[in-house]
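Geometric and topological summary
Single-letter residue listing:
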Amino acid sequence: QVQLVESGGGLVQAGGSLRLSCVASGSFFSLHTMGWYRQAPGKARELVADITRGASTKYADSVKGRFTISRDNAQNTVYLQMNSLKPEDTAVYYCFQGAWGTTSGSWGQGTQVTVSS
């Protein structure tokens, strides 16, 4: 079964940086679109960024110019580099692996990011 394990979350002051990592197992990683979502208390889960197997990227307007998504297929890992963090970035961040063929989409357990002002 697919397993996604996130790391890199934590507490950071406004203006600081964090890099989130998500390591995937149990699938042909290079075939899947990968994404990062986030959910703050009382808000809907929203797409932050995604990256296709061809390395095309997409970002939410709120993070453009500050966040960068990348992938290392040899390491089965997707990253989210977060710079110039703002308090409104505070949320649980989830790694997502898109469906491919008979393999359904999968979610990681989430990692907490807290940005203080």
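Structure shown above.
Throughout what follows, the structure given in this document is the object of discussion. (Residues numbered from 1 in each chain as written. Predicted model: local features only at pLDDT ≥ 70, side-chain atom pairs only at ≥ 80, totals over all residues. Heavy atoms only, no water.)

**Topic: the pattern of salt bridges**
Side-chain pairs of opposite charge can arise where the charged atoms are in close proximity. Evaluation of the coordinates by the stated rule reveals 5 salt bridges. Here arginine 38 makes a salt bridge to glutamate 46, at a shortest N to O gap of 2.9 Å. Take arginine 38: its relative accessible area is 6%, and that puts it in the buried class. Overall, the relative accessible area of 35% leaves glutamate 46 in the partly exposed class. In the salt-bridge network here, residues are joined through shared partners; they are Arg38, Glu46, Arg66 and Asp89. (Salt bridge = Lys/Arg side-chain N within 4 Å of Asp/Glu carboxyl O. Buried < 20%, exposed > 50% of the residue type's maximum accessible area, 1.4 Å probe, protein only.)

**Overview of the state of the cysteines**
A disulfide bridge is the covalent bond that connects two cysteines by way of their sulfur atoms. Tallying each qualifying case throughout the model produces 1 disulfide. A disulfide bridge connects cysteine 22 with cysteine 95, and the sulfur atoms are separated by 2.1 Å. Since a negative S-S torsion denotes a left-handed disulfide, the cysteine 22-cysteine 95 link at about -80 degrees is left-handed. Within this pair, whereas cysteine 22 is found in strand E3 (residues 18-25), its partner cysteine 95 is found in strand E9 (residues 91-97), the two being separated by 73 residues in sequence. Exposure class is identical for cysteine 22 and cysteine 95. Each is buried. (Disulfide = S-S within 2.5 Å. Helix = DSSP H or I, 4+ residues; strand = E, 2+ residues; numbered from the N terminus.)

**Side note on the pairing of E3**
Across 5 bridges, the pairing between strand E1 (residues 3-7) and E3 is antiparallel. In the strand pairing of E3, valine 5 is matched with valine 23. Pairing geometry for E3 and strand E8 (residues 77-82), over 6 bridges, is antiparallel. Counted as the bridge partner of leucine 20 is leucine 80 from E8. (Pairing = 2+ DSSP bridges.)

**Considerations on the packing of aromatic side chains**
Under the definition given, this model contains 4 aromatic pairs. For the pair tyrosine 37 and phenylalanine 96, a centre-to-centre distance of 5.8 Å together with 75 degrees between the ring planes defines the contact as edge-to-face. Of this pair, tyrosine 37 sits in strand E4 (residues 34-39) while phenylalanine 96 sits in strand E9; the two residues are 59 residues apart in sequence, bridging distant segments of the chain. Overall, tyrosine 37 belongs to the partly exposed group, its relative accessible area being 21%. Relative to tryptophan 107, the ring of tyrosine 37 has its centre 5.0 Å away and its plane inclined at 70 degrees; by these criteria the two rings are edge-to-face. Of this pair, tyrosine 37 sits in strand E4 while tryptophan 107 sits in strand E10 (residues 106-107), and the two are 70 residues apart along the sequence. We classify tryptophan 107 as partly exposed; its relative accessible area is 39%. (Phe/Tyr/Trp six-rings, centres within 6.5 Å; stacked < 30°, edge-to-face > 60°.)

**Here's the deal with the sheet that holds E3**
Within the open sheet, the 4 strands sit side by side as E1-E3-E8-E7. Their pairing is antiparallel. Strand pairing shows two members of the sheet lacking a second neighbour, E1 and strand E7 (67-72), which therefore form its edges. When strand polarity is set aside, the average angle formed by the axes of neighbouring strands in this sheet is 15 degrees. (Axes fitted to C-alpha atoms, helices over the stretch in contact; angles between N-to-C directions.)

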